[in-house]
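Commentary on secondary and tertiary structure
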Amino acid sequence: MNADTQLYINGHWVDPIKGGTFDTLDPSNETLIARVAAASAADVDLAVQAAREAFDEGPWPQMSGSARAAVLRRMAQGIRDRQQELAELEVRDNGKPLPEALWDIGDTAGCFDFYADLAEGLDSDQEHAVALADERFSAVVRKEPVGVAGAIIPWNFPMLMAAWKVAPALAAGCCMVLKPSELTPMSALELARIADAAGLPAGVLNVLPGLGQDAGAALAEHPGIDKLAFTGSVPTGSRIMQAAARDIKNISLELGGKSPFIIFADSDIEAAVEWIMFGIFWNQGQVCSATSRVLVQRELYAPLLERLEEEAAKVRIGHGMDEGVLLGPLVSKGQYDKVLTAITAGQEEGARLVYGGARPAGFDKGFYLQPTIFADVPQDSWIWREEIFGPVVCIRAFDDELEAVRSANNSRFGLAAAVMSKDLTRAERVARKLRAGIVWINCSQPTFTEVPWGGYKQSGIGRELGEWGLNNYLEVKQITRYDSDQAWGWYLK
Ligand code: NAD
């Protein structure tokens, strides 16, 4: 059967060698958006060869940082010029409300501009001298691109997750093969068009939609890849790590979370309700850093639950393109079924369902789910411990700071955490005790390109964004020189 799309390899749009396709559906009504050309291992091989050649023989890694920055800035502008259209594409493919999609696309463009600045910075910062204890020698330390990078990304922020990898990798001078999620492949294909129009040399960025077990696994195992950057679930991350172990690939992993939000009794109840809702209902709760475990100090517990329930009932559910909608459909049938299974497990394990838990009335088609609140959630229950990745918040009461911090840190994950209190000394103290890579005080989720993103424990390895994101794609080399006129004199006396 003919595909509606093609693969982008070596600057050309091509059909997959084996002709495979997969369907991408609109989660609001379960209709076909496109029959997408699916890459197999043979296509991955071609794309890696193209990226290899572009890196080993092509101009990109040899260009000045400023010259690369000019291309990145044209990409940022290309994204901005098409912001509305790209946002609408994300709404169709992912289901998210349009204002969130517009925000994502704006952030995507901003990410390219940010790494354009850092690419320019490399011109003055690529090498620096290091004084050595032995003055007969001099040394310079130099940053160089790591080589050919493979990037495998999830479906929750399709174009933004691509940007978090593509922008710093290109800024560093790497060449790439990008595999978007099979659930949301459309915007990555547009990113390839934008890169092409911005004058990115052929082979520098190759975009291969495909299934995880085919294209994804082939990329993770390919010996021509120097670095593998992965964002997705812990089980897939573990598989990627095993594949990468075979030939000692440099890897970075951005994985799942079960992020706690500690709310002390002195907090403003309205602010607490708003940030809880943003922390768990934004993007239908399909956010790796979602504050899905909420710990509320006992004095505030009952009134907060009451206000939260009132506000959850007001959340407008609907198609992402409809005005005022705050909760769209979940991304897929698979994700919808997973979240419903978790809700059933929560009820069976003794958590109290305060609100939601089912398909909202009036929605016969599409993967719509009510915003869902569980209270009195047992600490050893599955829903308290594991990532649900849906609009489901789990809440418990606590009595004192020590108990709250212990409970928050009692997790195999460590991506994000949040704390709320009017007592800033206490909030700052707690923030320093939380074992997580991202900690918010008096808010939850706002994400900035300037600061590092990534997790402790099983939430991942390495950091994206900021200068840390660029360092992911750089090797560090020392060049040490013997400057003395005297013979070394070890063997030849
Ligand atoms: P997933 O692990 O199912 O898939 C992620 C990507 O891996 C997809 O492109 C998929 O095709 C690919 N893949 C699947 N099997 C593969 C294999 N065997 N080899 C190579 N690639 C393979 O995750 P998902 O459902 O797309 O995304 C949700 C997960 O991502 C959640 O756990 C979420 O917390 C996490 N996430 C983390 C961050 C972060 O920054 N830490 C950001 C977004 C999402």
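Since we're looking at a predicted model, the values are computed, not measured.

Turning next to the overall build of the protein chain. From N to C terminus, the protein chain includes 15 helices and 22 strands. Dimensions of the protein chain, computed from C-alpha atoms along their principal axes, come out at roughly 80 × 60 × 40 Å. Residue burial in the protein chain is summarised as follows: out of 493 residues, 56% are buried. Within the protein chain, contacts between residues separated by at least 24 positions form 73% of all contacts whose residues are at least 6 apart in sequence. Carbon and sulfur atoms make up 52% of the accessible area of the protein chain, which totals about 20,200 Å². In the protein chain, 46 positive and 66 negative side-chain charges are present, and the distance between their average locations comes to 4 Å.

Following the criterion strictly, the structure yields 33 salt bridges and no others. Note that Glu 182 is salt-bridged to Lys 179, the shortest N-O span being 3.5 Å. Residue classification places Glu 182 among the partly exposed residues on the basis of a relative accessible area of 23%. In this structure Lys 179 comes out as buried when scored by relative accessible area, which is 3%. Residue Glu 386 is joined to Arg 412 by a salt bridge in which the shortest nitrogen-to-oxygen separation is 2.6 Å.

Moving on: the environment of Ala 358. Along the chain, the position of Ala 358 falls in the loop between strand E14 (352-355) and strand E15 (372-375). Judged by relative accessible area, Ala 358 falls into the partly exposed class, the value being 33%. Considering only alpha carbons, one finds Ala 358 and Ile 276, 82 residues apart in sequence, at a separation of 20 Å.

Near the ligand there are 28 residues, and of these Ile 153, Glu 182, Ser 233, Leu 255 and Glu 387 occur at the shortest range. For the ligand, an oxygen atom lies 2.8 Å from a polar atom in the backbone of Ile 153. Separating an oxygen atom of the ligand from a side-chain N or O atom of Lys 179 is a distance of 2.9 Å. Contact with the protein chains covers 90% of the free accessible surface of the ligand, which is 850 Å².

Quantified by volume, the largest pocket comes out at close to 1,200 Å³. Around the largest pocket, the lining comprises 47 residues; the ones closest to its centre are Trp 155, Gly 232, Ser 233, Thr 236 and Lys 338. Looking at the lining of the largest pocket, the elements that each hand over two or more residues are helix H7 (212-221), strand E10 (227-231), helix H8 (234-246) and helix H11 (333-348). Broken down by class, the residue content of the lining of the largest pocket amounts to 22 nonpolar, 15 polar and 10 charged. Breaking the lining of the second largest pocket down by element, the ones donating at least two residues are helix H4 (98-125), helix H9 (269-281) and helix H10 (298-314). Of the residues that constitute the lining of the second largest pocket, the class distribution is 11 nonpolar, no polar and six charged.

With that out of the way, let us pick up the UniProt feature "active site" (unreviewed entry) in the protein chain. When the UniProt feature table is mapped onto this chain, "active site" (unreviewed entry) is found at Glu 254. Assignment of secondary structure puts Glu 254 in strand E11 (residues 250-254). Once residues lying within four places of it in the same chain are set aside, the contact partners of Glu 254 are Phe 230, Thr 231, Gly 232, Trp 453, Gly 454, Gly 455, Ser 459, Gly 462, Arg 463 and Glu 464.

Together, Tyr 482, Trp 488, Trp 490, Tyr 491 and Leu 492 give the surface a local cluster of nonpolar side chains, amounting to about 740 Å² of exposed area. Summarising the element assignment, Trp 490 is placed in the segment after strand E22 (474-482). Accessibility expressed as a relative area gives 60% for Trp 490, which makes it exposed.

Moving on, we get to the environment of Val 419. Checked against the element boundaries, Val 419 lands in strand E18 (residues 416-420). Between the C-alpha atoms of Val 419 and Asp 400, which are 19 residues apart in sequence, the distance is 13 Å.

Here we take up the sheet that holds strand E6 (residues 137-145). Ordered by their spatial adjacency, three strands build an open sheet running E5-E6-E22, and the pairing between neighbours is antiparallel. Among the strands making up the open sheet, the edge pair consists of strand E5 (127-130) and E22. Shown here is a sheet whose adjacent strand axes are inclined to one another by a mean of 25°, direction ignored. Here E6 runs beside E22; their pairing, made up of nine bridges, is antiparallel. Within the sheet, the bridge partner assigned to Ser 138 lies in E22 and is Arg 481.

In terms of nonpolar packing, the biggest core is built from 127 residues, with Phe 112 and Leu 178 touching the most fellow members. If one sorts the elements of this core by residue count, helix H5 (residues 158-172) sits on top with 12 residues. The contacts of Leu 178, once residues within four sequence positions are left out, are Ala 151, Ile 153, Ala 162, Val 166, Ala 188, Leu 191, Leu 205, Asn 206, Val 207 and Leu 208.

In this section: the packing of aromatic side chains. Applying the stated rule across the entire model yields 16 aromatic pairs. With a centroid separation of 5.0 Å and an interplanar angle of 85°, the aromatic rings of Phe 114 and Tyr 115 are classed as edge-to-face. Take Phe 114 and Tyr 115: they sit in the same class, and that class is buried. Here the aromatic rings of Trp 155 and Phe 389 are separated by 5.4 Å at their centres, their planes lie at 80°, and the arrangement is edge-to-face. On the criterion of sequence distance, the pair formed by Trp 155 in the loop between strand E7 (148-152) and H5 and Phe 389 in the loop between helix H12 (382-385) and strand E16 (392-398) is long-range, its members being 234 residues apart. Judged by its relative accessible area of 12%, Trp 155 is buried. Put simply, the rings of Trp 103, Phe 157, Trp 275, Phe 278 and Trp 282 pair up and form one aromatic cluster.

Each value, and the rule that gives it
- Every residue gets a number counted from 1 within its own chain, in the order that chain's sequence is written.
- For this predicted model, a pLDDT threshold of at least 70 governs which residues receive local features, and a threshold of 80 or more governs which side-chain atom pairs are given and counted, while totals over whole chains, interfaces and linings are taken from all residues.
- Computation of side-chain values covers all heavy atoms of the structure but excludes hydrogens and water.
- By definition, any uninterrupted DSSP run of H or I lasting at least four residues is a helix, any uninterrupted run of E lasting at least two residues is a strand, and each is numbered from the N terminus.
- The classification of residues rests on relative accessible area computed with a 1.4 Å probe and restricted to protein chains. Under 20% of the type maximum is buried, over 50% is exposed, and intermediate values are partly exposed.
- We call two residues in contact when some of their heavy atoms are within 4.5 Å.
- Note that accessible areas follow from Shrake-Rupley with a 1.4 Å probe, and for residues the cover is restricted to the protein chains shown.
- Positive charges are assigned to Lys and Arg, negative charges to Asp and Glu, while His and the chain termini are left out of the count.
- A charge is said to be at NZ when it belongs to Lys, at CZ for Arg, at CG for Asp and at CD for Glu.
- We count a salt bridge whenever a side-chain nitrogen from Lys or Arg sits within 4 Å of a carboxyl oxygen from Asp or Glu.
- Near residues are defined by distance, with any heavy atom within 4 Å of the molecule or strand qualifying the residue.
- In the analysis that follows, any N or O atom pair within 3.5 Å is treated as a polar contact, provided that within protein one partner can donate a hydrogen and the other can accept it, and provided that, for residues neighboring in sequence, both atoms belong to side chains.
- In this analysis a 1.4 Å probe is tested at points of a 1 Å grid over the protein atoms alone, and where it fits but cannot get out there is a cavity; an open set with protein on both sides within 12 Å along at least five of seven lines is a pocket; lining residues have an atom within 4 Å of a point.
- Grid points are joined across faces, edges and corners, and a volume is the space filled by probe spheres set on the points.
- When residue character is reported, Ala, Val, Leu, Ile, Met, Phe, Trp, Tyr, Cys and Pro are called nonpolar, Asp, Glu, Lys and Arg charged, and the others, Gly included, polar.
- UniProt positions are given in the numbering used here, feature names are shortened, and annotations may be inferred rather than shown by experiment.
- Each patch is assembled from residues with relative accessible area greater than 30% and no salt bridge, linking like charges that lie within 9 Å and nonpolar side chains (Val, Leu, Ile, Met, Phe, Trp, Tyr) that lie within 5 Å.
- When DSSP finds at least two bridges between two strands, those strands are taken to pair.
- With axes taken as lines fitted to C-alpha atoms, and helix axes fitted only over the stretch in contact, angles between N-to-C directions fall between 0 and 180 degrees.
- Throughout, nonpolar core names a set of buried Ala, Val, Leu, Ile, Met, Phe, Trp, Tyr and Cys residues whose side chains join them through atoms within 4.5 Å.
- Any two rings among Phe, Tyr and Trp, with Trp reduced to its six-membered ring, count as a pair given centres within 6.5 Å; such a pair is stacked if its planes are under 30 degrees apart, edge-to-face if over 60, and tilted if neither.

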